[in-house]
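# Chain and residue survey
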Amino acid sequence: MFAYIIKRILAGVVVIVLVSMAVFALFWYGPSSPARPICLQETGNRCTAERLANYEEQLGYNNSIVSEYGTYVKGVFVGREIQIGNTTIDCTAPCLGISQRTRGLVWDELIERLPATISLAAGGAALYLLLGVPIGVAAARRRGTTADKVLVSSFLFVSSVPYYLFALLAWLYFTLIWDVPILGSSGYTPLLENPGKWFTGLLLPWLCLGIFGCTQYTRYTRGAMVETLSEDYIRTAKAKGLSASTVVYKHGLRSALVPVVTIFGIDLGVLLAGTLFTERIFEIQGIGLWGLRAVYQLDLPVVSATALFGAIIMVISNLLVDIVYSALDPRVRLS
């Protein structure tokens, strides 16, 4: 098992390196010079070819891509100095560059927005499981009944609505039209600053993520439980006289959770990498909204940092899923 984890970690490192190289190359060979946004900002939209060439020389964009990528990687581990105009900025490790819009260190801005994304992702992911898994188990135990059909049909209807429309309508009605006391005050407040405001500000985004996301967990859990409850070992457990709850939750649910864990690991990674629509609609200053604005403003260091962060989170999520597999399914542990 230890050798398998080491192998997966090494494979994850390769994926992260390839992602960083791909993002760096896309910016380098893009339709316009990466130095143009800074040139426009510094010169008041009077960026001549001569001024652009000066900024390209200062920022190293006239060097070879291999040389500049090596400088970028070196900065991640030991830091580097970045010169913009007459200003020299000391970018300490891990240096992900300087934001072209705010002139702040990209790493510091990422860390500043990380708690908002973690809070939003943790609440939404918790509701995925707390709502989806129990409802899926209940539907599987009542397979073919009217309650099962109504439940599955209603969840299919909810999941057929685009998420951004679902969240936007929730924000519109609960915040602007009805102004519900608790749900109407969406936004992020640091947990240590005001726990009550932190909870109420994230409650509506949590509910939007949880209600919409739990629909697929209900379907996956129901399908897996229906298949598991028809297995021979489940019939054997029933023949031994075990209670229905013991058969379902102790013997059946453990096997049924294996496909659910796969989806949850991927979804959690996506949420941590940046809940784009949720943060944009509810104006939560997290990594997703930060990266979206960076795309609009052509803030290339920020875009590359969010892409690299997302790759790292997805690699870690997949590794944790494989480890949980070994705990749920002994066959994985033996292989």
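Here's what I pulled together on the structure shown here. Per chain, the residues get numbers from 1 upward, laid out in the order the sequence is written. Where local features are concerned, this predicted model is filtered to residues with pLDDT of at least 70; where side-chain atom pairs are given and counted, the filter is 80 or more; whole-chain, interface and lining totals use all residues. Only hydrogens and water are removed before side-chain values are computed, so all heavy atoms of the structure are retained for them.

## Re the packing of helix α5 (residues 106–141) against helix α8 (residues 195–228)
Threshold: To obtain each axis, a line is fitted to C-alpha atoms, and for helices this fit is confined to the stretch in contact; angles are then taken between N-to-C directions over 0 to 180 degrees. Secondary structure follows DSSP: runs of H or I at least 4 residues long count as helices, runs of E at least 2 residues long count as strands, and numbering of each begins at the N terminus. Take the far helix as your reference; a near helix turned counterclockwise from it by less than a right angle gives a left-handed crossing, and one turned clockwise gives a right-handed crossing. Residues are grouped as follows: Ala, Val, Leu, Ile, Met, Phe, Trp, Tyr, Cys and Pro are nonpolar; Asp, Glu, Lys and Arg are charged; every other residue, Gly included, is polar.
Between α5 and α8, the least distance of the axes is 5 Å, while the angle of their chain directions is 35°. As for the relative orientation of α5 and α8, their crossing is right-handed in sense. Across the contact of α5 with α8, the residue classes tally to 20 nonpolar, nine polar and one charged.

## Structural notes on the environment of K250
As for its position among the elements, K250 is in helix α10 (residues 244–273). When the C-alpha atoms of K250 and G124 are compared, they prove to be 26 Å apart, with 126 residues separating the residues in sequence.

## Topic: the state of the cysteines
Selection rule: The disulfide criterion is simple: two cysteine sulfur atoms within 2.5 Å. Burial here depends on accessible area, computed with a 1.4 Å probe over protein chains only, as a share of the maximum for the residue type. Under 20% is buried, over 50% is exposed, and the range in between is partly exposed.
This model, assessed by the stated rule, comprises two disulfides. Two residues, C39 and C47, share a disulfide whose sulfurs are 2.0 Å apart. As the torsion about the S-S bond is roughly 105°, the C39-C47 disulfide counts as right-handed. C47 sits in the buried class, given a relative accessible area of 16%. Bridging C91 to C95, the disulfide has an S-S length of 2.0 Å. Disulfide C91-C95: torsion about the S-S bond near 110°, hence right-handed. The two residues C91 and C95 agree in class, both being buried. Of all cysteine sulfurs, the one in C214 lies closest to C208, which takes part in no disulfide; the gap is 12 Å.

## What to know about unusual backbone geometry
Residue P94 follows A93 across a cis peptide bond; omega there is -5°. Of note, P94 is situated in the loop between β2 (87–91) and α5. In this structure, N45 is a non-glycine residue whose phi angle is positive, near 65°. Note on placement: N45 falls in the loop between α2 (36–42) and α3 (49–59).

## Some points on a nonpolar patch on the surface
We count it as follows: Exposure above 30% relative accessible area and no salt bridge define the residues that can form patches, which grow by joining like charges within 9 Å and nonpolar side chains of Val, Leu, Ile, Met, Phe, Trp and Tyr within 5 Å. Note that accessible areas follow from Shrake-Rupley with a 1.4 Å probe, and for residues the cover is restricted to the protein chains shown. Salt bridge, as used here: a side-chain nitrogen of Lys or Arg that lies within 4 Å of a carboxyl oxygen of Asp or Glu.
Residues Y164, L165, L169, L172, Y173, L176, I177, W178, L276 and F277 make up a contiguous nonpolar surface patch of about 950 Å² in total accessible area. Elements supplying a minimum of two residues to the nonpolar patch: α7 (163–177) and α11 (276–281). For the nonpolar patch, the element with the most residues is α7, which contributes seven residues. Within the fold, L172 resides in helix α7.

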